[in-house]
Amino acid sequence: MATKGQAWAEDQRAARVAELRGRLAEAVGESGPLTLEIGCGHGHWLVAYAEAHPGERCLGIDLLGERLRKCEAKRGRRGLGNVAFLKAEASELLDALPGAPRLDKVFILYPDPWPKRRQTRKRFLQAANLDRLAKAARPGCRLAFRTDHADYHDAAGRALAAHPDWESLDGEAWPFESPTFFQDLLRDRRDHQARRR
Ligand SMILES: C[S@@+](CC[C@H](N)C(=O)[O-])C[C@H]1O[C@@H](n2cnc3c(N)ncnc32)[C@H](O)[C@@H]1O
């Protein structure tokens, strides 16, 4: 049975997810395919992607308001109407997506690597979030993951290989090369790609 503290935390999370559902509908409507970048940081990559793919509706999410303000400024300077940014935690955003799967493409570029052994459970790409992604993804949805961190790359590869809903596309050409803030900083790149079965 959940303790009082756990029950309180679950209630708080449920309230955030409900509130997010409203903001999400405002930002990208309630239906239709979506290209999602999780942890979009300063927005360099997604703004370039949206500009090059005017037919796609794009959404970038991040935890940090300051970074999202930079994303918004970039979007405004280029006058792009097909990309929106939201302050949201990724697992909560996925839980807030409506019943019908909407995700066509998902990008996770240089996610926080949580390098210490005791921190690895905080990494985003693992079984519980692959379940959430699979639920929100349309059949054929492409997932592209890039990191500089060898151990996270290996662990993410194992999690993808073990998941029944994702089929590896490793070895396929990277869908869209454009700098990210952290790619410029870290240089190293290790990729995984997968497709929703
Ligand atoms: C290392 S930065 C990479 C940013 C960008 N993708 C790049 O390559 O420049 C990781 C970003 O993910 C965001 N982030 C971390 N955990 C997150 C989560 N659970 N939900 C949403 N964003 C998250 C952080 O705030 C940060 O901006």
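Residues numbered from 1 in each chain as written. Predicted model: local features only at pLDDT ≥ 70, side-chain atom pairs only at ≥ 80, totals over all residues. Heavy atoms only, no water.

1. A word on the sheet that holds strand 6 (residues 166–168)
The test is simple: At least two DSSP bridges between two strands are needed for those strands to be called paired. Only runs of H or I of at least four residues qualify as helices and only runs of E of at least two qualify as strands under DSSP, and these elements are numbered from the N terminus. Lines fitted to C-alpha atoms define the axes here, with helix axes fitted over just the stretch in contact, and angles between the N-to-C directions of these axes take values from 0 to 180 degrees. By definition, residues are in contact when any of their heavy atoms lie within 4.5 Å.
As summarised here, the arrangement of the 7 strands in space is 3-2-1-4-5-7-6, forming an open sheet in which the pairing is mixed. Sheet topology places strand 3 (83–87) and strand 6 at the edges, where each strand pairs with a single neighbour. If you compare each strand with its neighbour and ignore which way they point, the axes differ by 20° on average. Both strand 2 (residues 58–62) and strand 3 contribute to a ladder of 5 bridges, which runs parallel. Considered in strand 3, the bridge of isoleucine 61 is made with leucine 86. Docked against the sheet, helix 1 (residues 4–28) engages strand 1 (34–38), strand 2 and strand 3, running at close to 165° with respect to strand 3.

2. Focus on the site of the ligand
The criterion, for reference: One heavy atom within 4 Å of a molecule or strand makes the whole residue count as near it. Any pair of nitrogen or oxygen atoms within 3.5 Å is treated as a polar contact; in protein, a donor-acceptor pairing is required on top of that, and neighbouring residues in sequence qualify only through side-chain atoms on both sides. Reported accessibility uses the Shrake-Rupley method at a 1.4 Å probe radius. Residues are deemed covered only where the shown protein chains occlude them. When residues are sorted by character, Ala, Val, Leu, Ile, Met, Phe, Trp, Tyr, Cys and Pro go into the nonpolar class, Asp, Glu, Lys and Arg into the charged class, and all the rest, Gly among them, into the polar class.
The environment of the ligand is formed by 16 residues, the closest being Gly39, Asp62, Arg67, Leu109 and Thr180. Between a nitrogen atom of the ligand and a main-chain N or O atom of alanine 90, the distance comes to 2.9 Å. Protein chains bury 89% of the 600 Å² of accessible surface belonging to the ligand in isolation. Its residues placed into classes, the shell around the ligand shows 8 nonpolar, 3 polar and 5 charged.

3. Structural notes on helix 6 (residues 150–162)
Operational definition: One less than the residue count of a helix, multiplied by 1.5 Å, gives the span that helix is expected to have.
With 13 residues, helix 6 should reach 18 Å at 1.5 Å per residue; the first-to-last C-alpha distance of 18 Å fits that figure. Of the surrounding secondary structure, the elements contacted by the buried residues of helix 6 are helix 5 (127–136), strand 5 (137–147), strand 6 and strand 7 (190–196).

4. Brief notes about the packing of helix 2 (residues 44–52) against helix 3 (residues 65–78)
How we decide: Should an angle lie under 35 degrees it is considered roughly parallel, over 145 roughly antiparallel, and from 65 to 115 roughly perpendicular; all remaining angles are considered oblique. By convention, the crossing between two helices is left-handed when the near helix turns anticlockwise from the far helix through less than a right angle, and right-handed when the turn is clockwise.
Look at helix 2 against helix 3: their axes get within 9 Å of each other, and the N-to-C directions meet at 25°. As summarised for this structure, helix 2 and helix 3 are arranged roughly parallel, according to the angle between their axes. Our pair here, helix 2 against helix 3, has a crossing hand that is right-handed. Residue-level inspection shows His44, Val47, Ala48 and Glu51 of helix 2 in contact with helix 3, the latter providing Cys71, Lys74, Arg75 and Arg78.

5. Describing the pairing of strand 7
Sheet topology places strand 5 next to strand 7; 6 bridges connect them, and they run antiparallel. When the sheet's bridge partners are listed, threonine 147 is paired in strand 7 with arginine 190. Inspection of the sheet shows strand 6 paired to strand 7 by 3 bridges, in the antiparallel sense. Each bridged residue has a counterpart across the sheet, and for glutamate 167 the counterpart in strand 7 is arginine 195.

6. Regarding the packing of aromatic side chains
To keep it simple, the criterion reads: Stacked, edge-to-face and tilted are the three classes for Phe, Tyr and Trp ring pairs, Trp counted by its six-membered ring, which pair at centre distances within 6.5 Å; planes under 30 degrees apart are stacked, over 60 edge-to-face, the rest tilted.
Tallying each qualifying case throughout the model produces 7 aromatic pairs. Between the aromatic rings of phenylalanine 181 and phenylalanine 182, the centroid separation amounts to 5.5 Å while the plane-to-plane angle is 65°, which identifies the pairing as edge-to-face.

7. Looking at the pairing of strand 2
The line we're drawing: When accessible area is computed with a 1.4 Å probe and restricted to protein chains, residues below 20% of their type maximum are described as buried, those above 50% as exposed, and intermediate ones as partly exposed. Orienting the strands away from the viewer, one traces the path from the first strand over the helix to the second; a clockwise path indicates a right-handed crossover.
With 5 of its 5 residues buried, strand 2 lies for the most part within the structure. Going residue by residue along strand 2, you find Cys58, Gly60 and Asp62 tucked away on one face and Leu59 and Ile61 tucked away on the opposite face as well. Pairing between strand 1 and strand 2: 4 bridges, direction parallel. Within strand 2, the position partnered with isoleucine 38 by the bridge is isoleucine 61. Each parallel crossover has a hand, and for strand 1 linked through helix 2 to strand 2 it is right-handed.

8. Some points on helix 1
In an α-helix, one turn spans 3.6 residues, which is why side chains three or four residues apart end up on the same side. For helix 1, which comprises 25 residues, the first-to-last C-alpha distance of 36 Å matches the rise-based estimate of 36 Å (1.5 Å per residue) to within 8%. Among the residues making up helix 1, those that are buried are Val17, Leu20, Leu24 and Val28. Structurally, helix 1 contributes buried residues whose contacts are with strand 1, strand 2, strand 3 and helix 4 (90–96). A positive phi of about 75° marks glycine 29, the residue just after helix 1.

As far as function goes, none of this settles anything; it's purely spatial.
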